[in-house]
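Geometric and topological summary
The residues making up each chain are set out below.
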Amino acid sequence: MPLHLVTPIDRAQDAPADSDSLELPTKGWRSHAADLCYIVLRGSIFLASSYLMALGLPLLFFLLISGGDAGVFFTHLANISGRFLGAEQGRQIGFLDEFKFVLIGVATIVVVWRLPRFINDLERELSGEKL
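Criteria and thresholds
- Along each chain, residues carry numbers from 1 onward, in the same order as the chain's sequence is written.
- Given that this is a predicted model, residues contribute local features only at a pLDDT of at least 70 and side-chain atom pairs are listed and counted only at 80 or more, while totals for whole chains, interfaces and linings are drawn from all residues.
- To get the side-chain values, all heavy atoms of the structure are used, and hydrogens and water are removed first.
- Counting from the N terminus, the helices are the DSSP runs of H or I reaching at least four residues and the strands are the DSSP runs of E reaching at least two.
- Only protein chains enter the accessibility calculation, which uses a 1.4 Å probe; a residue whose area is less than 20% of its type maximum is buried, one above 50% is exposed, and one in between is partly exposed.
- We call two residues contacting when some pair of their heavy atoms lies within 4.5 Å.
- The salt bridge definition used is simple: a Lys or Arg side-chain nitrogen within 4 Å of an Asp or Glu carboxyl oxygen.
- Angles shown run from 0 to 180 degrees and are taken between the N-to-C directions of axes, each axis being a line fitted to C-alpha atoms and, for helices, limited to the stretch in contact.
- Throughout this description, any angle smaller than 35 degrees is read as roughly parallel, any larger than 145 degrees as roughly antiparallel, any in the 65 to 115 degree range as roughly perpendicular, and the remainder as oblique.
- Two helices crossing with the near one rotated counterclockwise from the far one by less than a right angle form a left-handed crossing, whereas a clockwise rotation gives a right-handed crossing.
- In this classification, the charged set is Asp, Glu, Lys and Arg, the nonpolar set is Ala, Val, Leu, Ile, Met, Phe, Trp, Tyr, Cys and Pro, and all remaining amino acids, among them Gly, are polar.
- UniProt positions are given in the numbering used here, feature names are shortened, and annotations may be inferred rather than shown by experiment.

**A word on the overall build of the protein**
A count of helices and strands for the protein gives four helices and zero strands. Going from N to C terminus, the protein has its helices and strands arranged as α-α-α-α. Buried positions account for 11% of the 131 residues belonging to the protein. Residue pairs in contact within the protein that sit at least 24 positions apart in sequence constitute 66% of those at least 6 positions apart.

Below you can see the structure in the form of structure tokens.
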């Protein structure tokens with residue numbers, strides 16, 4: 001009794017090749033569905049990590065301004081929050097609109113910067129190549 005299962009794909013590779021057809025067997029719908037699910041999962045992880053990077057950049061900016069000192073960092077944060085809360089509602093809305101615009105722009109730059117490597121990695125993984 002064999003210790004491993006023999007699949008139809010294994011048997012197809014062991015069969016003698018016809019001189020007329022050297023084409024690989026076509027992929028079934030399950031293989032396409034598995035590839036699609038893999039692409040969706042990897043894409044969602046890619047987007048989530050890109051947006052987390054974009055949201056971390058303002059924190060990095062304020063840490064650089066403060067020189068890595070937590071007291072100075074929270075002083076800057078208190079200054080910004082005090083001025084924001086003290087402003088009239090129209091100015092608060094304008095600041096939030098500009099802040100959203102900048103964050104979306106930064107997130108787009110991060111995604112565009114990381115996209116070529118993501119596509120190359122995805123293509124390599126789906127083709128079955130090893131590192």
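**Remarks on the pattern of salt bridges**
Within this structure, the stated rule accounts for four salt bridges. Its salt-bridge partner being Arg117, residue Asp121 comes within 3.7 Å of it at the nearest N-O pair. Of this pair, Asp121 and Arg117 both sit in helix 4 (residues 89-127), four residues apart, which is roughly one turn of the helix. Exposure remark for Arg117: the relative accessible area of 63% places this residue in the exposed category.

**Looking at the packing of helix 2 (residues 29-66) against helix 3 (residues 70-86)**
At their nearest, the axes of helix 2 and helix 3 sit 8 Å apart, and the two run at 120° to each other. Comparing their axes, helix 3 and helix 2 come out oblique. Considering how the two elements wind past one another, helix 2 and helix 3 form a crossing that is right-handed. On helix 3, the residues touching Leu59, Phe62, Leu63, Ile65 and Ser66 of helix 2 are Val72, Phe73, His76 and Ile80. Considering only residue class, the contact of helix 2 with helix 3 consists of seven nonpolar, two polar and no charged.

**Examining the UniProt feature "transmembrane region" (unreviewed entry) in the protein**
As annotated by UniProt and renumbered to match this structure, "transmembrane region" (unreviewed entry) occupies residues 99-116. The distance separating the terminal C-alpha atoms of residues 99-116 is 27 Å; by composition the span is 100% helix and 0% strand.

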